[in-house]
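Spelled out, the chains give:
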Amino acid sequence: MENKTHWEQIYHTKDSSQVSWYQLHPRLSLQYIQNTGISKDKHVIDVGGGASTLVDHLLDDGFQNITVLDISAEALGIAKQRLAERAELVTWLESDITKINLPHHIYDVWHDRAVFHFLTKQEDRQSYVKIVKESVRPGGHVIVATFANDGPEKCSGLEVARYDPQSLHHEFGSDFELLDSTREEHQTPFGTEQRFIYCYCRKH
């Protein structure tokens, strides 16, 4: 099944608060974004943000230039409906992250929780990293979370790639400096546990 069709079906058939990766309060993501120290008028992109509540919290914190990108129109629609009038304050992009052309050196923070580990083909990972390099400004911040080495081998019926901080940083290469990493024991809405790692890098 094509990627887009797969994710449209997931969000069409499941409540967005009942998918395994759901977080009511994305604590670590917010903490990393806040700890970058960027001003509230800087540009933040949430890749694979879909129906995630991260955008709600960023708006609550006063961020003014937020972009949410997702392959699923259904997922983006859920977030827009939840935000109501505030949805107009956000830039919404419906696209495959490995195929999109983003503005050059515009983003001060690139955030991705749980998209990169679905890129099991090397060419897709290379395309993703190339897009990060082109769209994140020099000195910009990159926050990526994936399943840890002891995390799930599959998610939503799809194979995933698992990482430790060193192997994830290796995918991005020497253009990015690894500044910090954290493990997360994520509790799913149905009471199971998923182990994630978060890596925080700065682009040279």
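Computed from a predicted model, the values in this text were never measured in an experiment.

**Student:** How do you make sense of the overall build of the chain when you look at a structure like this?
**Tutor:** From N to C terminus, the chain includes six helices and nine strands. Taking 17 Å as the expected radius of gyration for a compact globule of 204 residues, we find that the chain reaches 16 Å, a close match to that expectation. Dimensions of the chain, computed from the C-alpha atoms along their principal axes, are close to 40 × 40 × 30 Å. Looking at the 204 residues of the chain, the share that counts as buried comes to 50%. Within the chain, residue pairs in contact and separated by at least 24 positions form 69% of the contacts whose partners lie at least 6 positions apart. Accessible surface for the chain amounts to roughly 9700 Å². Of this, 46% is attributable to carbon and sulfur atoms.

**Student:** Looking at this model, I keep getting lost on the pattern of salt bridges. Mind explaining?
**Tutor:** All told, the structure shown has 15 salt bridges when counted by the stated rule. A salt bridge links D175 to K133; the shortest N-O distance between them is 3.2 Å. Of this pair, D175 sits in the loop between helix 6 (165-172) and strand 8 (176-187) while K133 sits in helix 5 (residues 122-135), placing them 42 residues apart in sequence. Note on D175: relative accessible area 34%, which makes it partly exposed.

**Student:** Sorry if this is basic, but what is going on with the sheet that holds strand 1 (residues 43-47) here?
**Tutor:** Note on sheets: strands pair through backbone hydrogen bonds, and any given pair is parallel or antiparallel. Spatially, 3-2-1-4-5-9-8 is the arrangement adopted by the seven strands of the open sheet, whose pairing is mixed. Looking at strand neighbours, the two that pair on one side only are strand 3 (90-94) and strand 8, the edges of this open sheet. In this sheet, adjacent strand axes meet at a mean angle of 15° when their direction is disregarded. Strand direction decides the pairing type here: strand 1 and strand 4 (residues 107-113), joined by four bridges, are parallel. Looking at strand 4, one finds that D46 is bridged to H111.

**Student:** Looking at this structure, how should I read helix 5?
**Tutor:** Helical geometry note: an α-helix holds 3.6 residues per turn, so side chains three or four residues apart project in the same direction. With 14 residues, helix 5 ought to run about 20 Å at 1.5 Å a step, and its terminal C-alpha atoms sit 20 Å apart, in line with that. The set of residues buried in helix 5 consists of R125, Y128, V129, I131, V132 and S135. Angularly, the buried residues of helix 5 cover 155° about the axis, an arc narrow enough to put them on a single face. Helix 5 presents Q122 and K130 as exposed residues on the side facing more than 90 degrees away from its buried surface. Those residues of helix 5 that are buried are in contact with strand 1, strand 4, strand 5 (136-147), helix 6, strand 8 and strand 9 (193-203).

**Student:** Can you help me understand the packing of helix 1 (residues 3-13) against helix 4 (residues 73-83) in this one?
**Tutor:** Think of two packed helices as two axes; the pair is described by the angle between the axes and how far apart they sit. In the contact formed by helix 1 and helix 4, the axes pass within 7 Å of each other and the chain directions differ by 40°. By the angle class used here, helix 1 and helix 4 are oblique. Residues K4, E8, Y11 and H12 of helix 1 form the contact with helix 4, whose own contacting residues are A73, E74, A75 and I78.

**Student:** Any chance you could explain the environment of K40 here in plain terms?
**Tutor:** Looking at the secondary structure, you find K40 in the loop between helix 2 (27-35) and strand 1. Measuring from C-alpha to C-alpha, the distance between K40 and L59 comes to 9.6 Å, with 19 residues separating the pair along the chain. Setting aside residues no more than four positions away along its own chain, K40 makes contact with D61, G62, F63, Q64 and N65. Within polar-contact distance, the side chain of K40 engages the backbone oxygen of D61 at 2.7 Å.

What counts and what doesn't
Position numbers for residues start from 1 in each chain and track the written sequence from start to end. Local features in this predicted model are restricted to residues whose pLDDT is 70 or higher, and side-chain atom pairs enter the listing and the counts only when it is 80 or higher, whereas totals over whole chains, interfaces and linings include all residues. Computation of side-chain values covers all heavy atoms of the structure but excludes hydrogens and water. Only DSSP runs of H or I reaching four residues or more are called helices, and only runs of E reaching two or more are called strands; each is numbered from the N terminus. Just to be clear, the radius of gyration here is over C-alpha atoms, and the globule rule we use is 2.2 Å times residues to the power 0.38. Exposure classes here rest on a 1.4 Å probe applied to the protein chains alone. A residue is buried below 20% of its type maximum, exposed above 50%, and partly exposed in between. Contacts between residues were defined by any pair of non-hydrogen atoms, one from each residue, lying within 4.5 Å. Only the protein chains shown count as cover for residues, and the accessible areas themselves come from Shrake-Rupley with a 1.4 Å probe. One side-chain nitrogen of Lys or Arg within 4 Å of one carboxyl oxygen of Asp or Glu is enough to make a salt bridge. Pairing between strands requires that DSSP locate at least two bridges from one strand to the other. Simply put, an axis is a line fit to the C-alpha atoms, just over the touching stretch for a helix, and the angle between two N-to-C directions goes from 0 to 180 degrees. Every helix has an expected span of 1.5 Å times one less than the residues it contains. Throughout, the arc means that of the directions going from the helix axis to the C-beta atoms. Just so you know how the angles are binned, under 35 degrees is roughly parallel, over 145 roughly antiparallel, 65 to 115 roughly perpendicular, and the rest oblique. Here a polar contact means two N or O atoms within 3.5 Å. Within protein one must be a hydrogen donor candidate and the other an acceptor candidate, and residues neighboring in sequence count only if both atoms are side-chain atoms.

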